[in-house]
Amino acid sequence: MSRYDSFVTDVLVIGAGLAGERAAVEAATQGLNVILLSLVPPRRSHSSAAQGGMQAALGNSAMGKGDSPDVHFADTVKGSDWGCDQDVARLFVETAPIAVREMAHWGVPWTRVTKDEHVYDGKVIHEDPENAGLITARNFGGTAKWRTCYTSDGAGHTLLYTLDSMVLRLGITVHDRVEALSLIHDSERCYGAVARCLRTGELRAYTAKTTVIATGGYGRLYGASTNAIINEGSGLSLALDTGVVPLGNMEAVQFHPTGLVPSWILITEGARGDGGYLLDKNLHRFMPDYEPAKKELASRDVVSRRIMQHIRAGYGVESPYGDHVWLDIRHLGAEHINTNLREIATICKNFRGIDPVKDLIPVRPTQHYGMGGVRTNIDGQAYGLKNLFALGEAACWDLHGFNRLGGNSLAETVVAGKIIGEQIAKFTAEASLDVKSSLVEEHLHRQMDRVTRLRESRDGTEYVYDLRREMEQILSHHVGIFRSEDSLQDAVNQLSDLHERAQRLGLRGGGHGGDPELDAALRLPGMIRVAYCIAKGALARKESRGSHFREDFPHRDDANWLNRTLAYWPEGADEPELRYEPVKITESPPGDRGYGEATRGPDSAKP
Amino acid sequence: MIERELTFRIMRYNPDEPEKKPHLQEFHLTEEPGMSLFVVLNKLREEQDPTLRFDFVCRASICGSCGMLVNGRPTLACKTLTKDLPDVTTLLPLPVFKLLGDLSVDTGVWFRDMSFRTESWVHTDETFDPDAPEKRMDNAVALEIYEAERCIECGCCIGGCATANIKPDFIGAAGVNRVARFMVDPRDKRTEREYFEVVGNEDGVFGCIGLMACDDNCPVGVPLRDQLAYVRRKMASAGWRYQKV
Amino acid sequence: MKLQKALSYSPRADFIVEVIQMVSGLLLVLFLWTHMLFVASILIGSNAFNGLSLFMEKNYLLPAAIVFLVLVGGAHIGAVIRRIPSRWAEQKIVWKHAKLIHHADTWSWLFQSVTGAAILALAIIHIAVVTYGGIDVIYSSGRIKHGFLVFYAVLLLLAEYHASVGLYRIFVKWGWVKRHKLHWVLGVISVLTVGIGATVLWIFFTMGVHA
């Protein structure tokens, strides 16, 4: 196995979802050669699954009147529980409206303001006829104005298809079904990546002036996630494995209250927004017991916490896929469900074979988004390694801090793609590629060696799917919605053991060509390291902030913890090393979020 | 609920071992409530045969990765529930596309080629002005574009099409629908004549012989017959008026 | 583009062939229906039938019909032949495909090409027989009595099936009507046509018996 293909380019973008493609388009427009690597055909990326929309303060719709980047900024910072970088947030909210319009120029069929009046929550809304034909917006949680631009039920889909059409138009090279296995670097500078073709199993060397990580989230580290199955945090482990690039705020993990059991497909918030109930195994509506004021419509993290608390108290419905609660929308009536909530009806029918008009929907809080990722500066440059950039969910640009607002993730992909893409272009134009072939071969041989050892089961016979399931369970059980010292310590110990065992993987099948078991075995050790960073970061952070909730430290502690976790994995180490950096506060000093009253703790219900 | 023992006859083929003819391999497993083919195939791979190849990404009928023939019918595996299947189910990869192994086919390459051939992007000379408000568009037009843009490129319409099965250059319903998407878009400045030169032929809309397996099998319900007829009428009128330059 | 394509580039060719196929098909269907109506004159009586036949002979309508059939039928065959899988390998693929996907419309297309080929053969025999034998109640009933009953019954069914599926295909492709409604309308027309044809055949057959 000494033969390999090699490719040279100006910019190598790993990941062809919205963030990666947007950055690639920016770089290519400025005359650079770009190669996009993607695990799957680009249009299958998880970006396409975002149905809600993207936030941008256009203020065209009646309910968005008076909106501005300032209001968007305030919502975002508050949502992050003051964990975000305020310079980044400011840049983001100012650019978002331009990015939305640019996507419209390229072809996104955004839903537009119409002259028809419509009814929301019993109120009649009259649109300004002056604004008819401009991009409209819908309501999302945690925002002061209706700000989420959308395309019917397929915002992510149309954004991705449009952006990919630009990739076609610019003739950007796309290598799909290719997985990056390691970054080529000398601890100072990044020179590209070693990758594996998932069709043939052959290894390749990509060298580039600039390398960009845009691989999306890591939801699949948790057994139950709303994420696509390709969201395994591979870009995060690429960066971590250099030993010099840190991951930021990995303990900040968002859970969505209503994932459909057992496929964990998202049931949108609209179900509860329109009046749906949550019921326990006795068909008792339990949310009013915990949250008499807001009931099912408390903020996402609060509802998720209450559901899990109720399940822990023994009121969950047992199932082969774990305990869950019921979502009940039957009382809304067939007409309402089959029109306003059609998506939900379709998902229930397709994936559970139930009809929400007559049946209860089994749901459970489900991992949804990772605020953490490859830590970068405001230009998208990764900490610790030159010529490396990261953006999108894979990065910790730090727009989201400890809790992301709905509609800000889709927005981040194209806004960061635009801003950071420009920085990449500027940086690359002045960069040169002078890489030693010995360095490339060294990294390549390391991966070849891994493949051989796995095929021959030289180090052991641990089965990749067994270990993987254990990792998923450790995170789900111990690093979920409720966290506490003992449980997290348990997770760290188990992950340490698991990481050790992951060095002894061996294949059961032959591992030839594009073998899926080999794919998984090559990926797993890196996934466990990322999981380790999540658990260790959560154990160390002795406060509750945003989605990170410690039962033993139920309050936010700005005196000691107004900072960002940086997790490194030094070369040869067997556990991550945590460092901290201060969070930059510019315009908005930490205060009360004004919602999430339950963050005071499950056993301190308000008088 | 009485537990059923399910049998799956799955096509096995590894391009690295061309000497082994494609064949059906039988697998057995016990049905669970709410089980989909996504769950089934992953279980089979993790518990019975780690070399089994298939593609899933979103597992929520959004990404279009898992098109295959389920008892002969082209559909998405992720939204196929075992409760709707008989005791014995045959799973085959989609025809037309290059076979990568077992149930995995290279739909991505096919669709990329089609997108290039139909020049699937908005053709305009206008440049973007970051300071100007967006151009207005009637919401009805936006919805019309979205109706065609909803295609998830799963390839079920192509795999089920007799013409696509024998004519490798035929762009199929997905290709014609793609053209329709840009035809209704006022931002795209292409003329009817330009579209005609791309799809007004046997590899395009006039290659369709009207069997409508595409329309019958589209897993996301894109109105393919309407789109095919729309483009056919447009192209007929363009063909009628076509003059050599 | 490759040289051979560039040299013979004619962007409208495929469109024109498609139009020829459709128009010739529609004309043939019209011919079939007219033919059935004329034949049905026997329902009124032998004199009506013979009178019509005589009228057609006098006005050279018979040779005109034959010229029409050769031209239009020829054009139709020429146009559709491009659709029919010509190579053995392709034939194998489409039959396997139809078996695999369990799709009624796909089967109907295969039957359409088979019936088309059969009609071509049977129609040639029919025209030859009629041309040499002449059209007259006694000749016709005699022919049907002596061996041609099955022949005509088969031709009738094939022609009607082919015409009906062909019409269905045209309407589906151009999108003028809803598919299930189309099924229904064409079904009724087919039953009527086959009904008339069968009655006519029966009348001739019984006449032949009595003759």
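Rules and cut-offs
- Residues numbered from 1 in each chain as written.
- Chains lettered and ligands numbered in written order.
- Predicted model: local features only at pLDDT ≥ 70, side-chain atom pairs only at ≥ 80, totals over all residues.
- Heavy atoms only, no water.
- Helix = DSSP H or I, 4+ residues; strand = E, 2+ residues; numbered from the N terminus.
- Buried < 20%, exposed > 50% of the residue type's maximum accessible area, 1.4 Å probe, protein only.
- Contact = heavy atoms within 4.5 Å.
- Areas by Shrake-Rupley, 256 points an atom, 1.4 Å probe, with all protein chains shown as cover.
- Lys, Arg positive; Asp, Glu negative; His and termini not counted.
- Charge placed at Lys NZ, Arg CZ, Asp CG, Glu CD.
- Buried area = accessible area lost by both parts, 1.4 Å probe.
- Salt bridge = Lys/Arg side-chain N within 4 Å of Asp/Glu carboxyl O.
- Polar contact = N/O pair within 3.5 Å; in protein donor to acceptor, adjacent residues only side chain to side chain.
- Expected span 1.5 Å × (residues − 1).
- Bend = angle between axes of the 7 residues up to and from the residue.
- Pairing = 2+ DSSP bridges.

Q: How do you make sense of the overall build of chain B when you look at a structure like this?
A: Broken down by element type, chain B carries 9 helices and 7 strands. Along the first, second and third principal axes, the C-alpha atoms of chain B reach 65 × 40 × 30 Å. Looking at chain B as a whole, 63% of its 245 residues are labelled buried. A fraction of 64% describes how many contacts in chain B between residues 6 or more apart in sequence connect residues 24 or more apart. Carbon and sulfur atoms provide 51% of the accessible area of chain B, an area that totals close to 9500 Å². Computed over 31 positive and 39 negative side-chain charges, the inter-centroid distance for chain B is 4 Å.

Q: Explanation requested: the interface of chain B and chain A in the structure shown.
A: Interface size is commonly expressed as the accessible surface area that is lost when the partners come together. The partner chain A presents 77 residues to the 65 residues of chain B that form the contact. Of the roughly 5600 Å² buried between chain B and chain A, counting both surfaces, carbon and sulfur atoms make up 53%. Interface area lost by chain B to chain A is led by Arg59(B), Phe128(B) and Glu134(B), which between them contribute 14%. Two residues, Arg199(A) and Asp106(B), come together in a salt bridge whose shortest N-O distance is 2.7 Å. Summed over the shared surface of chain B and chain A, the result is 40 residue pairs in polar contact (both at pLDDT 80 or more). At the level of elements, α1 (37-47), β7 (104-105), α2 (107-117), α3 (139-149) and α6 (172-183) of chain B are the ones that each hand at least two residues to the side of chain B that touches chain A.

Q: Where do I start with the side chain of Glu202(B) in this structure?
A: Secondary-structure assignment places Glu202(B) in the loop between α7 (192-199) and α8 (213-217). Within the structure, Glu202(B) has its side chain in polar contact with the side chain of Arg83(C) (distance 2.9 Å).

Q: Sorry, what's going on with helix α3 (residues 86-106) of chain A here?
A: Two residues of an α-helix separated by three or four positions point the same way, owing to the 3.6 residues in each turn. All names here are of chain A. Over its 21 residues, α3 runs 30 Å from end to end, which matches the ideal 30 Å to within 8%, given 1.5 Å per residue. Along its length, α3 shows its largest kink, about 35°, at Thr95, and proline Pro97 lies within four residues downstream of that point. Burial runs high along α3: 17 of the 21 residues are buried. N-cap assignment for α3: the residue whose side-chain oxygen lies 2.9 Å from the backbone N of Asp87 is Asp85. Just past α3, the residue Gly107 takes up positive phi, approximately 135°.

Q: Any chance you could explain the pairing of strand β1 (residues 5-14) of chain A here in plain terms?
A: The two faces of a sheet get side chains in turn, since along a regular strand they alternate between them. Note that β1(A) and strand β10 (residues 203-213) of chain A share 9 bridges and pair parallel. Bridged to Thr9(A) within β10(A) is Ala208(A).

Q: Looking at this structure, I do not really get the interface of chain B and chain C. What am I missing?
A: Facing 35 residues of chain B, the contacting portion of chain C comprises 31 residues. Here chain B meets chain C over a buried area of about 3000 Å², counting both sides, of which 60% is carbon and sulfur. At the surface where chain B touches chain C, the tally comes to 5 salt bridges. Here Arg179(C) ties to Asp215(B) by a salt bridge, and the two come within 3.3 Å at their closest N and O atoms. For the pair chain B and chain C, the number of links is 16 residue pairs in polar contact (both at pLDDT 80 or more).

Q: Would you take a moment to explain the environment of Val167(A) for this structure?
A: Within the secondary structure, Val167(A) sits in helix α4 (residues 155-169). Val167(A) gets classed as buried once you look at its relative accessible area, which sits at 0%. Considered as a pair, Val167(A) and Asp486(A) are 319 residues apart in the sequence and their alpha carbons are 49 Å apart. Residues contacting Val167(A), with those up to four places away along its chain left out, are Glu21(A), Val25(A), Leu36(A), Ile172(A), Val174(A) and Arg112(B).

Q: Would you explain α6(B) in this entry?
A: With 12 residues, α6(B) extends 17 Å from end C-alpha to end C-alpha; this agrees with the ideal 16 Å at 1.5 Å per step. Every buried residue belonging to α6(B) is among Gly172(B), Ala173(B), Ala174(B), Gly175(B), Val176(B), Asn177(B), Arg178(B), Val179(B), Ala180(B), Arg181(B), Phe182(B) and Met183(B), and all of these are buried.

Q: Is there a simple way to explain the environment of Asp87(A) in this structure?
A: All names here are of chain A. Inspection of the secondary structure puts Asp87 in helix α3. Here Asp87 falls in the partly exposed class, since its relative accessible area comes to 27%. Spatially, the C-alpha atom of Asp87 lies 7.6 Å from that of Lys584, the residues being 497 residues apart in sequence. When neighbours within four sequence positions are excluded, Asp87 is seen to be in contact with Ile378, Lys584 and Thr586.

Q: When you look at the pattern of salt bridges in this model, what are you seeing that I'm missing?
A: It is possible for side chains of opposite charge to pair when their charged atoms get near one another. A complete count under the given rule lists 81 salt bridges over all chains for this structure. Of the charged contacts, one joins Lys135(B) and Glu126(B) as a salt bridge, the two residues approaching to 3.0 Å between their closest N and O atoms. Residue class for Lys135(B) comes out exposed when judged on its relative accessible area of 60%. Judged by its relative accessible area of 39%, Glu126(B) falls in the partly exposed class. Several salt bridges converge on common partners, so that one network encompasses Asp81(A), Glu251(A), Arg541(A), Glu543(A), Arg545(A), Arg556(A) and Asp558(A).

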